[in-house]
Amino acid sequence: RCWIYKGYGTTHGPMAADAAIQQSCNHFFYTLGQRMRAERLVPWYRKFGIGVDTHCGLPEAVEGMLPTIAEGADGSARPEYEGVLMGIGQGPISCTPLQAAAAYATIARGGYYINPTFIAVPGAKSAREQGRVSYDLGLNRHAVDMALKGLDLGVNDDHGTSHHISLLKRERIFNIDNVTVMGKSGTATAAPHWIDRNDNGQVDDGEIVRHGDHAWFVGLMQRAGERRPAYAVAVIVEFGGSGGACAGPIANQVLHAMRAEGYL
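Residues numbered from 1 in each chain as written. Predicted model: local features only at pLDDT ≥ 70, side-chain atom pairs only at ≥ 80, totals over all residues. Heavy atoms only, no water.

### Details of the overall build of the protein chain
Definition in use: Helix numbers and strand numbers start at the N terminus; a helix is a DSSP run of H or I with at least 4 residues, a strand a run of E with at least 2. For each residue, the accessible area found with a 1.4 Å probe, counting protein chains only, is set against the maximum for its type, and the residue is called buried under 20%, exposed over 50%, and partly exposed in between. Accessible surface is estimated by sampling points in the Shrake-Rupley manner with a 1.4 Å probe; for residues, cover comes only from the protein chains shown.
A tally of helices and strands in the protein chain yields nine helices and nine strands. By residue count, 37% of the 264 residues in the protein chain fall in the buried class. For the protein chain, the accessible surface area stands at approximately 15,100 Å², while carbon and sulfur atoms represent 52% of it.

See the structure below:
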């Protein structure tokens with residue numbers, strides 16, 4: 001029962017990885033997470049820069065969160081359900097938009113990770129002070145191509161979750177010329193934002209002011225005539241709901257701003 005089941009009473013059916021990315025099939029990645037289990041997923045998340053210090057130089061940067069992998073006294077592994085939720089980036093995992101953009105940039109490079117660096121930002125350390133972190137993940141080339149194809153279909157195919165906004169007469173989300181946009185929208189379950197007016201630390205006695213899901217879009221941008229993407233953009237809208245309908249148009253405006261500044 002994927003996310004479309006609630007709205008349409010049907011499922012995606014069997015599909016390959018590229019189609020699962022394109023149509024945002026939770027069940028595909030639940031199954032993948034179940035088979036990999038947390039003890040294999042966590043090291044791979046770390047290799048992509050999730051849950052670790054990015055060494056970007058900003059004092060405000062946070063590491064995010066990943067679970068600690070430890071065997072029980074009897075040598076048993078962690079239960080499968082933790083891997084299930086982690087397969088869609090939920091459960092005991094959190095990351096920043098900067099980490100998400102860096103992970104997508106790693107895919108664009110074919111599996112080579114380079115930590116993000118801020119330039120000319122007041123208070124940030126220099127590139128020399130930060131130290132450069134880079135390494136090759138040794139990804140399978142076919143897997144990388146499959147992931148990029150899925151991201152391409154997600155934006156540029158009519159069935160992609162980042163292709164159009166149904167409530168606006170199927171208006172395309174991205175409308176910038178001579179740039180191929182590929183990416184993935186998503187929603188992340190979030191705890192309600194509330195005000196504890198009684199100062200007792202209990203949500204039930206507070207006033208909930210915002211609730212729902214966070215809206216995500218993370219994408220890659222490839223200029224016409226170039227062999228691979230040149231930019232990665234990550235957008236999160238707190239309690240925004242639909243990633244495609246809410247975060248996607250903001251990412252589109254980021255691209256238009258980049259063009260106005262001469263980057264695209």
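### Here we look at the sheet that holds strand β8 (residues 213-223)
Defined as follows: One bridge is not enough; two strands pair if DSSP finds at least two bridges between them. All axes here are fitted lines through C-alpha atoms, helices being fitted over the stretch that makes contact, and every angle between N-to-C directions spans 0 to 180 degrees.
Spatial strand order, β5-β8-β9: three strands in an open sheet with antiparallel pairing. The outermost strands of the open sheet, each flanked by one partner alone, are β5 (179-189) and β9 (231-237). Direction aside, the axes of adjacent strands within the sheet are offset by 15° on average. In the sheet, β5 pairs with β8 via 11 bridges, with the strands oriented antiparallel. Note on β8: the bridge partner recorded for Thr-187 is Ala-215.

### Some thoughts on the packing of helix α3 (residues 26-36) against helix α4 (residues 38-47)
The line we're drawing: Should an angle lie under 35 degrees it is considered roughly parallel, over 145 roughly antiparallel, and from 65 to 115 roughly perpendicular; all remaining angles are considered oblique. Any two residues having at least one pair of non-hydrogen atoms within 4.5 Å are treated as being in contact. In this count, Pro and Cys sit with the nonpolar residues alongside Ala, Val, Leu, Ile, Met, Phe, Trp and Tyr, while Asp, Glu, Lys and Arg are called charged and the others, Gly among them, polar.
Relative to each other, α3 and α4 sit at 105°, their axes nearing to 6 Å. Between α3 and α4, the angle falls in the class roughly perpendicular. Taken together, the residues of α4 that come into contact with α3 (itself represented by Gly-33, Arg-35 and Met-36) are Ala-38, Arg-40, Leu-41 and Trp-44. When its residues are assigned to classes, the contact of α3 with α4 shows four nonpolar, one polar and two charged.

Function-wise, these values are silent; they only describe arrangement.
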